[in-house]
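# Survey of secondary and tertiary structure
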Amino acid sequence: MRLFEPVRIGGVEVRNRIAMPAMHLGYCPGEQVGERIIEFYRERAEGGAGLIVVGGCNIDQHAYVDMPSLRDDSFIAGHRRLARAIQEQGARACAQLFHPGGYASQAVTGVEPMGPSEMVSGLTGERVRGMTVADIEEVIGRFAAAARRAAQAGYDMVEVIASVGYLIPQFFSPVTNRRTDRYGGSFENRARFGREVVRAVREAVGPEVPVLVRLSGHDFVPGGNTNREWAQFAALLEEEGADAFDVTGGWHESRVPQISMAVPPGAFAYLARGVRQAVSVPVIACNRINDVWLAERLLAAGCADLVGMARGLMADPELPRKAREGRVDLVRKCIGCNQGCLDAIFGGRSCTCTVNARVGREAETRLHPAVVVKRVLVVGGGPAGMEAARVAAARGHQVSLWEREEELGGQLPLAASPPDRQDFFDFLDYLSVALFELGVDVETGVEATVERVKDFQPDAVVVATGARPARPSLPGAGLPLVKDAWEVLAGKTEVGQRVVVVGGGATGCEVATFIARLGTADAEAVRFLLVNGAEPPETIRALTLRGGIPVTVVEQEKTAGKGLGRSTRWIVLQDMQRMGGIGKRLPVTAATMWIGALAIAGVPPLAGFFSKDEILWNAFS
């Protein structure tokens with residue numbers, strides 16, 4: 001596989017082409033590197049990654065919560081231990097140098113955020129002061145000083161962050177840079193700050209330490225830079241000494257999803273290809289590359305020289321090793337849910353992972369062989385039961401799993417049914433294969449009665465039977481026209497020609513989009529229509545948004561989407577708006593919401609009869 005061919009970045013050889021880009025983890029209280037972050041990265045290096053980028057590492061007081069720091073010499077010792085832990089496992093270690101610019105928050109740092117011009121931050125909503133030339137020179141010096149510390153700590157490489165709408169992109173963008181001096185105005189002037197940062201970093205670390213740059217291959221902000229401008233910028237940065245480019249996309253305020261489940265895997269690889277065509281140094285493609293075969297195809301197609309798999313390696317540290325050993329079906333893929341990583345960070349918490357419970361707790365959760373082998377019975381074949389069975393079997397226990405339904409998965413197939421949520425199936429596939437490989441005795445269609453469990457005589461029983469939907473005790477709730485969300489998502493019932501979803505929380509919004517997309521054009525149809533010019537682009541776009549069933553969502557709260565994570569909620573609501581609007585708000589009580597739903601559906605609730613229009617009740621215990 002090309003994926004496992006070595007590659008040179010500057011004068012340093014990397015053992016394979018799998019890179020782990022930097023992620024803010026929130027593992028460094030007091031900004032100090034400690035055991036938690038060291039063990040996290042040690043496992044990713046041990047699992048076979050070629051290059052691991054640690055960070056961001058702040059260069060001054062403009063930092064995020066529990067971010068590792070390189071802003072003075074007192075932090076070097078911790079980074080030395082971290083770099084050594086990565087290198088001892090055969091991977092190359094790189095430190096990312098971080099400055100958020102106008103994306104910093106005074107509420108977090110106690111320091112007024114600064115950027116190229118005075119503005120209101122599109123991320124925090126806080127006032128940002130414009131930097132003076134003296135400020136610019138000081139920040140450039142801080143980048144250089146932090147780079148020197150990273151080299152002293154023993155990192156193989158350093159990386160300058162120029163992506164996601166942080167300080168360098170803010171200078172480069174005509175949207176946020178309204179300066180009239182030599183750092184603003186023309187393309188060349190807007191590129192000047194980034195060039196001077198890279199030049200200073202190169203001088204600080206000398207010719208032997210490779211310098212990477214993390215680029216936004218496209219701002220996806222109205223009036224911002226496109227892939228063309230970023231490729232030109234990359235060529236200028238190569239002249240200043242950049243040895244490789246790590247290409248992502250978008251800003252935090254972009255309205256185009258970047259790394260959520262809504263993004264097709266590898267969709268933004270074209271951004272890396274655009275940059276690669278403009279430079280002569282290695283380029284890393286990133287964003288939603290969670291599959292080994294996809295990564296291999298991107299390399300073969302010339303999109304990039306390496307692939308970035310940050311959350312892929314968070315979900316499964318052993319991804320490279322499993323792929324190299326031909327065990328690709330045992331890779332635990334990142335599902336792009338953002339719940340444990342991005343949503344946690346935006347909420348001021350540290351990273352976890354929905355599909356990997358060990359993330360951030362590597363040292364304390366290592367699996368050790370059981371001292372006494374037991375006969376373990378797991379009741380329930382949903383994700384919790386399957387994971388419990390997997391862990392018990394991995395420790396050497398004799399494990400049996402009983403599931404009442406005919407198929408495993410519990411609510412995972414339901415979670416995977418709404419639009420853009422299909423990656424939940426990947427987690428189910430992984431668990432199913434893992435149980436088979438570990439020899440777990442799986443029986444489906446089995447009711448775990450007390451008598452049956454007693455007859456089985458297990459040493460331990462794990463009960464993981466999950467939740468069940470609940471219907472409201474309201475008039476008409478038991479009639480046939482009232483469906484629950486599980487029935488609809490499971491394909492066990494049909495809906496009529498007009499639908500009301502009662503409850504606009506996470507499940508309500510997702511089931512509403514599920515119904516609204518019934519009958520829309522799929523990807524193959526869209527490609528066919530576009531390539532052949534069958535319809536104008538706007539007509540084709542409309543075919544992807546509107547199906548044949550009008551849907552109304554009613555919700556007691558002022559806004560819909562409660563329960564969805566911050567990184568996903570805006571995408572779901574944006575989709576709902578494109579499909580025709582968010583619907584109506586009926587306040588106060590569930591009863592008034594119910595009666596209002598009946599009225600919208602054309603059902604006189606007090607008349608004692610119901611029409612054939614469908615009403616979808618979305619309520620769970």
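See above for the structure.
This one's a predicted model, so the numbers in the text were calculated from it and none came from an experiment.

## Regarding the packing of aromatic side chains
- Throughout the structure, instances matching the rule amount to 16 aromatic pairs.
- Ring centres of phenylalanine 172 and phenylalanine 187 lie 5.4 Å apart, and the angle between their planes is 80°; this geometry places the pair in the edge-to-face category. Within this pair, whereas phenylalanine 172 is found in helix H5 (residues 167-172), its partner phenylalanine 187 is found in helix H6 (residues 187-205), the two being separated by 15 residues in sequence.
- The exposure class of phenylalanine 172 is buried, given its relative accessible area of 0%.
- Cation over ring: arginine 566 sits above phenylalanine 346, and NZ or CZ is 4.7 Å from the ring centre.

## With respect to helix H2 (residues 76-87)
- In a regular helix each residue adds 1.5 Å, so twelve residues correspond to 16 Å; H2 covers 16 Å between its end C-alpha atoms and thus fits that length.
- When H2 is considered as a whole, its buried residues turn out to be Ile76, Gly78, His79, Leu82, Ala83, Ala85 and Ile86.
- Contacts from the buried residues of H2 go to helix H1 (35-46), strand E4 (51-58), strand E5 (92-98) and helix H4 (133-153).

## Things to note about the packing of helix H19 (residues 523-531) against helix H20 (residues 537-545)
- At a minimum axis distance of 10 Å, the contact between H19 and H20 shows a crossing angle of 170°. By the angle class used here, H19 and H20 are roughly antiparallel. Contact residues: H19 offers Val526, Leu529 and Leu530, while H20 offers Ile540, Leu543 and Thr544.
- Residues that form the contact of H19 with H20 fall into these classes: five nonpolar, one polar and no charged.

## Points about the sheet that holds strand E13 (residues 306-308)
- On the basis of which strands lie adjacent, the closed barrel formed by eight strands has the order E3-E4-E5-E9-E10-E11-E12-E13 and parallel pairing. Going from strand to strand, the sheet's axes swing by 30° on average, the running direction of each strand aside.
- Both strand E11 (residues 244-248) and strand E12 (residues 283-285) contribute to a ladder of three bridges, which runs parallel. Considered in E12, the bridge of valine 247 is made with alanine 285.
- In the packing of H1 onto the sheet, the strands contacted are strand E3 (18-20) and E4, and the crossing angle to E4 comes to about 160°.

## Looking at the environment of alanine 393
- Mapped onto the elements, alanine 393 comes out in helix H13 (residues 383-394).
- Put simply, alanine 393 and leucine 438 are 45 residues apart on the chain and 6.2 Å apart in space, counted from C-alpha to C-alpha.

## Points about unusual backbone geometry
- Across the junction of glycine 55 and glycine 56, the peptide omega takes the value 0°, indicating a cis bond.
- A positive phi is found at asparagine 287, a non-glycine position, where the angle reads about 80°.
- Here asparagine 287 is to be found in the loop between E12 and helix H9 (292-300).

## A short note on the nonpolar core
- By size, the foremost hydrophobic cluster in this structure holds 128 residues, and its most contacted members are Tyr41, Phe193 and Phe245.
- Of all the elements, H4 adds the most residues to this core, at nine residues.
- The residues touching tyrosine 41, leaving out its near neighbours within four places in the chain, are Met20, Met23, Leu25, Ile52, Val53, Val54, Gly55, Leu82 and Ile86.
- Val501, Ile549, Ala560 and Met576 belong to the second-largest nonpolar core, a separate cluster that totals 20 residues.

## Brief notes about the state of the cysteines
- Going through the model one piece at a time under the given rule, you end up with zero disulfides.
- The closest cysteine sulfur to the non-disulfide-bonded cysteine 94 is located on cysteine 57, 8.9 Å from its own sulfur.
- Between cysteine 353, a free cysteine, and cysteine 334, which holds the nearest cysteine sulfur, the sulfur-to-sulfur gap is 6.7 Å.

## Quick look at the pairing of strand E8 (residues 127-130)
- Across two bridges, the pairing between strand E6 (residues 114-115) and E8 is parallel. Bridge pairing in E8 links methionine 114 to arginine 129.
- By the bridge criterion, two bridges tie strand E7 (residues 119-120) to E8 in an arrangement that is antiparallel. Counterpart to methionine 119 in the pairing with E8 is valine 128.
- A loop of six residues connects E7 with E8, the two strands running antiparallel in sequence, and glycine 125 in this loop sits at a positive phi of about 80°.

## A closer look at the packing of H4 against H6
- At a minimum axis distance of 8 Å, the contact between H4 and H6 shows a crossing angle of 35°. For the pair H4 and H6, the crossing hand works out as right-handed. Between H4 and H6, the contacting residues are Ile136, Val139, Ile140, Phe143, Ala144, Ala147, Arg148 and Ala151 on the first element and Phe193, Glu196, Val197, Ala200, Val201, Ala204 and Val205 on the second.
- Looking at side-chain class alone, the contact of H4 with H6 contains 13 nonpolar, no polar and two charged residues.

## Let's talk about the side chain of arginine 288
- Along the polypeptide, arginine 288 turns up in the loop between E12 and H9.
- We classify arginine 288 as buried; its relative accessible area is 6%.
- Within the structure, the side chain of arginine 288 is placed 3.2 Å from the backbone oxygen of serine 260, a separation counted as a polar contact.

## Some words on the sheet that holds strand E17 (residues 460-463)
- One open sheet holds the four strands; their spatial order is E16-E15-E14-E17, and the pairing between them is parallel. One side of each edge strand has no neighbouring strand; the edge strands of this open sheet are strand E16 (441-444) and E17. Geometrically, the sheet is characterised by an average inter-axis angle of 15° between neighbouring strands, direction not taken into account.
- In terms of strand pairing, strand E15 (residues 398-403) meets E16 through four bridges, oriented parallel. From the neighbouring strand, leucine 401 faces E16, where its bridge partner is valine 442.

## Examining the environment of isoleucine 515
- Inspection of the secondary structure puts isoleucine 515 in helix H18 (residues 506-516).
- Isoleucine 515 gets classed as buried once you look at its relative accessible area, which sits at 0%.
- It is 43 Å that separates the C-alpha atoms of isoleucine 515 and valine 128, two residues lying 387 residues apart in sequence.

## Describing the pattern of salt bridges
- Across all of its chains, the model carries 34 salt bridges by this definition.
- Glutamate 43 serves as the salt-bridge partner of arginine 358, at 2.9 Å between the closest nitrogen and oxygen. Pair noted here: arginine 358 is in the loop between helix H12 (342-346) and strand E14 (375-379) and glutamate 43 is in helix H1, with a separation of 315 residues, a long-range link.
- A residue is classified by how much of its surface remains accessible, and arginine 358, at 22% relative accessible area, is partly exposed.
- Judged by relative accessible area, glutamate 43 falls into the buried class, the value being 13%.
- Across the pair aspartate 423 and arginine 288 runs a salt bridge whose closest N-O atoms are separated by 2.9 Å. Remark: arginine 288 occurs in the loop between E12 and H9 and aspartate 423 occurs in the loop between helix H14 (412-415) and helix H15 (424-437); sequence separation between them is 135 residues.

Definitions and cut-offs
Residues numbered from 1 in each chain as written. Predicted model: local features only at pLDDT ≥ 70, side-chain atom pairs only at ≥ 80, totals over all residues. Heavy atoms only, no water. Phe/Tyr/Trp six-rings, centres within 6.5 Å; stacked < 30°, edge-to-face > 60°. Helix = DSSP H or I, 4+ residues; strand = E, 2+ residues; numbered from the N terminus. Buried < 20%, exposed > 50% of the residue type's maximum accessible area, 1.4 Å probe, protein only. Lys NZ or Arg CZ within 6 Å of the ring centre and 35° of its normal. Expected span 1.5 Å × (residues − 1). Contact = heavy atoms within 4.5 Å. Axes fitted to C-alpha atoms, helices over the stretch in contact; angles between N-to-C directions. Parallel < 35°, antiparallel > 145°, perpendicular 65-115°, else oblique. Nonpolar A, V, L, I, M, F, W, Y, C, P; charged D, E, K, R; others polar. Pairing = 2+ DSSP bridges. Core = buried A, V, L, I, M, F, W, Y, C linked by side-chain atoms within 4.5 Å. Disulfide = S-S within 2.5 Å. Left-handed = near helix turned anticlockwise from the far one by under 90°. Polar contact = N/O pair within 3.5 Å; in protein donor to acceptor, adjacent residues only side chain to side chain. Salt bridge = Lys/Arg side-chain N within 4 Å of Asp/Glu carboxyl O.

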